[in-house]
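Structural overview
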Amino acid sequence: MRPIRRGDRGPAVTEIRAVLVGLSLLPAGGPPGADEFEAETERAVRTFQQDRGLSVDGQVGPETWRALDAARWRLGARTLYQAIPDPLIGEDVRTLQERLLEMGYDVGRADGIYGARTSRAVAQFQREVGLGPDGACGPQTMNALRRLGRKVVGGRPQWLRESDAFRQSGPNLVGKVIVIDPGHDPFDPGFVVQDGPLRWTEADLAYDLAARLEGRLAAAGMRVHLTRGPAPAAPLTDLTRADLANELGGDLLISLHIDGHANPEADGVATYHYGTSNGVTSTVGERLAGLVQREIVARTGLRDCHIHAKTWELLRLTRMPAVRVDVGYLTSPSDLARLTDPRFRDATVDAIVAAVQRMYFPVEEDVPTGSIDVSELRAVVAAGASLD
Ligand SMILES: [Zn+2]
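Let me sum up the structure you'll find in this document.

Rules used in this analysis
- Residues numbered from 1 in each chain as written.
- Predicted model: local features only at pLDDT ≥ 70, side-chain atom pairs only at ≥ 80, totals over all residues.
- Heavy atoms only, no water.
- Donors = N, O, S within 2.8 Å, 3.2 Å for Na, K, Ca; no water.
- Helix = DSSP H or I, 4+ residues; strand = E, 2+ residues; numbered from the N terminus.
- Buried < 20%, exposed > 50% of the residue type's maximum accessible area, 1.4 Å probe, protein only.
- 1 Å grid on protein atoms, 1.4 Å probe; cavity = no way out; pocket = protein on both sides within 12 Å on 5 of 7 lines; lining within 4 Å.
- Points joined across faces, edges and corners; volume = space filled by probe spheres on them.
- Nonpolar A, V, L, I, M, F, W, Y, C, P; charged D, E, K, R; others polar.
- Expected span 1.5 Å × (residues − 1).
- Salt bridge = Lys/Arg side-chain N within 4 Å of Asp/Glu carboxyl O.
- Phe/Tyr/Trp six-rings, centres within 6.5 Å; stacked < 30°, edge-to-face > 60°.
- Lys NZ or Arg CZ within 6 Å of the ring centre and 35° of its normal.
- Core = buried A, V, L, I, M, F, W, Y, C linked by side-chain atoms within 4.5 Å.
- Pairing = 2+ DSSP bridges.
- Contact = heavy atoms within 4.5 Å.
- Polar contact = N/O pair within 3.5 Å; in protein donor to acceptor, adjacent residues only side chain to side chain.

Here we come to the coordination of the zinc ion. Within the first shell, the zinc ion binds the protein through His184 (NE2), Glu202 (OE) and His257 (ND1), at distances of 2.0 to 2.1 Å. Here the donor residues of the zinc ion share one chain and are spaced in sequence as H-x17-E-x54-H. In this pair, Glu202 sits in helix α8 (residues 202–219) while His257 sits in strand β5 (residues 252–259), placing the two residues 55 residues apart along the sequence. A single burial state applies to Glu202 and to His257, both of which are buried.

Pasting the structure below:
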């Protein structure tokens with residue numbers, strides 16, 4: 001087959017143009033006599049080729065033709081499954097793979113081919129959202145992917161849309177729902193340190209922080225839920241915690257942990273938000289993580305171990321912006337001395353309250369780190385006044 005190129009006209013050109021319009025590489029409608037392969041079409045073909053890693057010559061030979069043909073499929077237009085021996089190929093497969101990659105599933109490369117690895121990743125996703133893990137992507141799985149779309153976002157425009165939603169909900173904390181997740185439980189206490197007669201566990205300290213935070217946020221007018229009490233009857237998995245937070249309809253989730261390490265020199269605070277390490281994903285959680293991290297560092301003097309993107313279940317399966325903060329190292333003598341001081345725990349909690357409040361300030365009205373007086377916040381609510 002001779003490549004279709006500039007100057008050609010006919011039904012094949014019309015078809016090529018239709019696919020390019022569908023990909024938003026050509027404006028809809030097009031000039032009169034849209035069966036002509038003119039300069040604009042050639043430019044669009046070049047962009048398409050560059051995008052797909054094809055050799056860029058502006059002509060539609062067999063390889064480019066196959067790629068354009070695959071590009072017709074929009075995700076959701078057909079059920080996807082692992083077909084043997086001829087796998088399904090298409091733009092819809094590629095979109096699905098990119099979405100799974102963003103959510104932290106291993107599909108290898110987003111190559112647009114529905115192979116065994118993609119099928120396994122879909123099955124894993126299905127298991128985690130409570131669907132039958134058949135590895136095929138039909139309407140139910142599509143719905144589950146769409147539901148998660150609110151949480152998993154693929155770029156700056158989406159990030160801005162999400163922060164718009166925050167902006168529109170107003171700076172007042174009253175009535176907003178926050179879920180606080182004290183990490184671990186007595187069955188799995190996390191890090192444990194024996195300090196003379198005293199036994200400090202991550203589970204107990206996380207619960208103490210959570211209870212203090214609950215009091216502060218409730219005083220500021222928020223509706224606060226904890227994922228567990230001080231001594232739950234059964235162990236709690238992160239999956240259970242995520243389900244609970246979703247059922248409660250939380251606007252935000254904050255999970256509290258204390259870190260530990262074999263090396264007693266390791267110390268500091270780190271905050272985690274949902275995202276993949278290749279940086280494809282960004283969420284409002286990243287902003288919350290940044291605020292929590294900066295406020296804690298400023299108000300407690302803990303070493304800044306920065307924020308990190310993780311695909312942990314608790315962060316991935318919760319539908320609201322969610323962060324986990326590891327407040328210091330239980331295994332560091334200096335961090336332990338701080339953690340066992342109630343004043344330090346109060347300062348940590350004040351830092352988190354300030355971060356939550358700043359989440360709801362419009363970005364352009366944000367205030368410097370460390371500047372919010374949390375007791376003032378309480379007084380305003382107590383006086384029945386609105387903060388805006
Ligand atoms: Zn932990």
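The calculated volume of the largest pocket comes to roughly 550 Å³. In this structure, the largest pocket is lined by 19 residues; those nearest its centre are Arg66, Ala67, Ala70, Ile89 and Asp111. With five residues, the top contributor of residues to the lining of the largest pocket is helix α3 (residues 62–70). In the lining of the largest pocket, the residues fall into seven nonpolar, three polar and nine charged.

With that out of the way, let us pick up helix α5 (residues 116–128). Helical geometry note: an α-helix holds 3.6 residues per turn, so side chains three or four residues apart project in the same direction. The first and last C-alpha atoms of α5 sit 18 Å apart over 13 residues, in line with the 18 Å expected at 1.5 Å per residue. By the burial criterion, the buried members of α5 are Thr118, Ser119, Ala121, Val122, Ala123, Phe125, Gln126 and Glu128. Immediately beyond the C-terminal end of α5, within one or two residues, lies Gly130, with a positive phi of roughly 85°.

Turning our attention to the pattern of salt bridges. The final tally for this structure, using the stated rule, is 23 salt bridges. Arg2 is the partner of Asp8 in a salt bridge, and the nearest nitrogen-oxygen pair spans 3.0 Å. Residue classification places Asp8 among the buried residues on the basis of a relative accessible area of 16%. Residue classification places Arg2 among the partly exposed residues on the basis of a relative accessible area of 48%. Here Asp326 and Arg324 are joined by a salt bridge, their closest N and O atoms 2.8 Å apart.

Time to look at the packing of aromatic side chains. This model, assessed by the stated rule, comprises one aromatic pair. In this structure, Arg78 packs its charged tip against the face of Trp73, placed 4.0 Å from the ring centre. For Lys176, the ring lying beneath its charged end belongs to Tyr360, and the centroid distance is 4.2 Å.

With that settled, consider the nonpolar core. Formed by 45 residues in total, the largest nonpolar core has its most connected members in Leu217, Ile254, Leu256, Val325, Ile352 and Val356. Counting residues per element, this core draws most heavily on helix α13 (residues 342–359), at nine residues. Core analysis: the next-biggest nonpolar cluster, separate from the first, contains 30 residues, Leu75, Val179, Ala242 and Leu314 among them.

Before going further, it helps to spend a moment on the pairing of strand β8 (residues 322–329). Each regular strand displays side chains that alternate between the two surfaces of the sheet. Summarising burial for β8: eight of the eight residues are buried, a large majority. Here β5 runs beside β8; their pairing, made up of six bridges, is parallel. By the bridge assignment for β8, Ser255 is matched with Arg324.

This brings us to the environment of Ile296. The residue Ile296 is located in helix α10 (residues 284–300) in this model. Overall, the relative accessible area of 0% leaves Ile296 in the buried class. Along the chain, Ile296 and Ala354 lie 58 residues apart, while their C-alpha atoms are 9.4 Å from each other. Not counting residues within four places of it along the chain, the set of residues in contact with Ile296 comprises Val269, Gly301, Leu302, Val325, Thr348, Ala351 and Ile352.

To continue, consider the side chain of Glu38. Along the chain, Glu38 turns up in the loop between α1 (11–22) and α2 (39–52). Of note is the side chain of Glu38, whose polar atom sits 3.1 Å from the side chain of Arg17.

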